[in-house]
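The primary structure of each chain is shown beneath.
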Amino acid sequence: MAEEVKQSGGGKDTNMAVLAHVLGIVLGFIGPLIIYLVTPAEGYIKTQAKEALNFWITITIGYVIGGVLMIVLIGGLIIAVAGIYGFIMGIVAAMACSRGEDYKYPFAIRLIK
């Protein structure tokens, strides 16, 4: 997997892939969406931006469900868990991409194929 990245440009590809995951932490699904839309062709960057986009859409759905369930008082817990999980997994994904690995989030609804 790391060989794939080195052949297609090396550092620039891994930097943009890391940026897609880090922007997810900072901006939610908007950051990876921007990277996904400006990347011209299928490749390492587009694959990682798509993975980050799917994950952050899943986290956003968790936030919405938590917001609705605030009426029952369990919503705050759901929002906290989704936020902590998103932060930790975003860092893990960014570190994997910095090593040139093809990272897949363990829990994400794959809406963008």
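All of the points below concern the structure found in this document. Computed from a predicted model, the values in this text were never measured in an experiment.

Our focus in this paragraph is the overall build of the protein chain. Each helix and strand in the protein chain was counted, giving five helices and zero strands. Each helix and strand of the protein chain, placed in order from N terminus to C terminus, yields the pattern α-α-α-α-α. Taking 113 residues into account, the globule formula puts the C-alpha radius of gyration at 13 Å, and the protein chain, at 15 Å, falls close to it. Over its C-alpha atoms, taken along the principal directions, the protein chain stretches across nearly 50 × 25 × 20 Å. Per-residue burial over the protein chain gives 39% buried out of 113 residues. Sequence separation of at least 24 residues holds for 63% of the intrachain contacts in the protein chain that already meet a minimum separation of 6. Summing over all exposed atoms, the protein chain offers an accessible surface of approximately 6,400 Å²; the carbon and sulfur share of this is 74%.

This part takes up the packing of aromatic side chains. Taken as a whole and judged by the stated rule, the model has four aromatic pairs. Geometrically, the ring pair formed by F55 and Y85 is tilted, given 5.8 Å between the ring centres and 55 degrees between the ring planes. With F55 in helix α4 (residues 44-68) and Y85 in helix α5 (residues 75-98), this residue pair connects regions lying 30 residues apart in the sequence. Assessed through its relative accessible area of 0%, F55 is described here as buried.

The subject of this paragraph is α5. Its 24 residues place the ends of α5 34 Å apart at the C-alpha level, agreeing with the 34 Å of an ideal helix rising 1.5 Å per residue. Inspection of α5 places G75, A82, G86, M89, G90, A93, A94, A96 and C97 among the buried residues, and these make up the whole buried set.

Turning to unusual backbone geometry, a few remarks are in order. Of note in the backbone geometry, L73 takes a positive phi value of approximately 75 degrees without being a glycine. With respect to the helices, strands and loops of the structure, L73 is situated in the loop between α4 and α5. The exposure class of L73 is exposed, given its relative accessible area of 75%.

Turning our attention to the packing of helix α2 (residues 11-27) against helix α3 (residues 30-38). Viewed as axis vectors pointing N to C, α2 and α3 meet at an angle of 150 degrees, and their least axial separation amounts to 6 Å. With respect to α3, the element α2 is oriented roughly antiparallel. Residues M16, L19, A20, L23, G24 and L27 of α2 lie in contact with α3, whose contacting residues are I30, G31, P32 and I35. Residues that form the contact of α2 with α3 fall into these classes: eight nonpolar, two polar and no charged.

Okay, the pattern of salt bridges next. In total, this model carries four salt bridges according to the counting rule given. One salt bridge connects E42 with K50, and the closest N-O pair in it is separated by 3.9 Å. Where R99 meets E101, a salt bridge forms, and the shortest distance between an N and an O atom there is 3.1 Å. By relative accessible area, which is 33% here, E101 ends up partly exposed. By sharing partners, the salt bridges in this structure join E51, K104 and R110 into a single network.

Thresholds applied
Residues numbered from 1 in each chain as written. Predicted model: local features only at pLDDT ≥ 70, side-chain atom pairs only at ≥ 80, totals over all residues. Heavy atoms only, no water. Helix = DSSP H or I, 4+ residues; strand = E, 2+ residues; numbered from the N terminus. Rg over C-alpha atoms; globule rule 2.2 N^0.38 Å. Buried < 20%, exposed > 50% of the residue type's maximum accessible area, 1.4 Å probe, protein only. Contact = heavy atoms within 4.5 Å. Areas by Shrake-Rupley, 256 points an atom, 1.4 Å probe, with all protein chains shown as cover. Phe/Tyr/Trp six-rings, centres within 6.5 Å; stacked < 30°, edge-to-face > 60°. Expected span 1.5 Å × (residues − 1). Axes fitted to C-alpha atoms, helices over the stretch in contact; angles between N-to-C directions. Parallel < 35°, antiparallel > 145°, perpendicular 65-115°, else oblique. Nonpolar A, V, L, I, M, F, W, Y, C, P; charged D, E, K, R; others polar. Salt bridge = Lys/Arg side-chain N within 4 Å of Asp/Glu carboxyl O.

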